Amino acid sequence: MKDSWYREPWAWLVFILPFTAVVAGIATYIIANTNPDTLVVGDYYKKGKSINLEVGKVKTAQKLGMRFALQLKDNELIIKPTGIEKVFPLLNVSFFHPTLEEKDFYLALTPDGNGYFRHRFDQEISGKWKLTLTSFKDNWKIQDTINLPQSEFIDLIPNPIKAQ
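Quick notes on the rules
- Residues numbered from 1 in each chain as written.
- Predicted model: local features only at pLDDT ≥ 70, side-chain atom pairs only at ≥ 80, totals over all residues.
- Heavy atoms only, no water.
- Helix = DSSP H or I, 4+ residues; strand = E, 2+ residues; numbered from the N terminus.
- Buried < 20%, exposed > 50% of the residue type's maximum accessible area, 1.4 Å probe, protein only.
- Contact = heavy atoms within 4.5 Å.
- Areas by Shrake-Rupley, 256 points an atom, 1.4 Å probe, with all protein chains shown as cover.
- UniProt positions renumbered as here; feature names shortened; annotations may be inferred.
- Pairing = 2+ DSSP bridges.
- Axes fitted to C-alpha atoms, helices over the stretch in contact; angles between N-to-C directions.
- Salt bridge = Lys/Arg side-chain N within 4 Å of Asp/Glu carboxyl O.

*Asks:* Any chance you could explain the overall build of the protein here in plain terms?
*Replies:* Secondary structure summary: the protein contains 2 helices and 8 strands in total. What you see in the protein, going N to C, is helices and strands ordered as α-α-β-β-β-β-β-β-β-β. Counting every position in the protein, which comprises 164 residues, the buried fraction comes to 31%. Taking as baseline every contact in the protein between residues at least 6 positions apart, the subset at least 24 positions apart corresponds to 54%. Here the protein has roughly 11400 Å² of accessible surface; of this, 58% comes from carbon and sulfur atoms.

As structure tokens, this is what we get:
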């Protein structure tokens, strides 16, 4: 006597595998359309043309002897000038997250009485960040990739290779 098809284990195996693939495909489609990836840079051609200008700013920072030390401990950011020039009216600090554009932020910091630039964050800043320091006049730039928080001071030195 023959059993019904639904009592046969091989029939379920034949049906379950394609059904699972269809469900996974639909789930992937839904995830891809509800969380689209953002472009970090919209116009690649213009960005490519501006790389030479950016490298020139880093080379200017090298010539001027710009150096800084950075520490982020207990949600307090401290940036202290350690190079030749140590007096700045304003320091522009940009933080770029490597994958999530909405996490990027910018700080315009003025020095305290010791010449240090300080900022206290309301929430913890952690992970890998691309950090850019520029002057008020935007005539030099230091760029580096750092991991936060940093309990010890780390050096930020102009390097043309990291400007790209």
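*Asks:* Any chance you could explain the UniProt feature "transmembrane region" (unreviewed entry) in the protein here in plain terms?
*Replies:* The residues that UniProt annotates with the feature "transmembrane region" (unreviewed entry) are residues 12-32. With 100% helix and 0% strand, residues 12-32 has its two end C-alpha atoms placed 30 Å apart.

*Asks:* Just checking my understanding: could you explain the sheet that holds strand β5 (residues 117-120) for this structure?
*Replies:* Backbone-to-backbone hydrogen bonds pair the strands of a sheet. The strands run either parallel or antiparallel. Here we have 4 strands laid out as an open sheet, ordered β5-β2-β1-β8, and antiparallel in their pairing. With one partner strand each, in any of the chains shown, β5 and β8 (150-156) form the two edges of the open sheet. The average angle at which neighbouring strand axes cross in this sheet is 15°, direction not considered. Both strand β1 (residues 68-73) and β8 contribute to a ladder of 4 bridges, which runs antiparallel. Looking at β8, one finds that Phe 68 is bridged to Leu 156.

*Asks:* Whenever I open this one, the pairing of strand β2 (residues 76-81) confuses me. Can you help?
*Replies:* Regular strands place side chains that alternate from one sheet face to the opposite one. Bridge analysis of β1 against β2 gives 6 bridges, and the strand direction is antiparallel. Bridged to Gln 71 within β2 is Ile 78.

*Asks:* Help me understand the sheet that holds strand β6 (residues 127-135) in this model?
*Replies:* If you walk across this open sheet you meet the 4 strands as β4-β3-β6-β7, and the pairing is antiparallel. On the outer flanks of this sheet lie β4 (105-109) and β7 (141-148), each paired with one strand and no other. Here the average twist between neighbouring strands, direction ignored, is 20°. Note that strand β3 (residues 91-96) and β6 share 6 bridges and pair antiparallel. Residue pairing across strands places Asn 92 opposite Thr 134, the latter belonging to β6.

*Asks:* What am I meant to see in the pattern of salt bridges here?
*Replies:* Two side chains that carry opposite charge are able to pair once their charged atoms sit near each other. With the rule as written, the count across this model stands at 4 salt bridges. A salt bridge links Glu 76 to Arg 118, with the nearest nitrogen and oxygen atoms 3.5 Å apart. With a gap of 42 residues between them, Glu 76 in strand β2 and Arg 118 in strand β5 connect regions that are remote in the sequence. Classification of Arg 118 by relative accessible area gives partly exposed; the value is 33%. Residues Arg 120 and Glu 76 are paired through a salt bridge, measuring 3.6 Å at the closest nitrogen-oxygen approach. Taken together, the positions of Arg 120 in strand β5 and Glu 76 in strand β2 put the pair 44 residues apart, joining distant regions of the chain.

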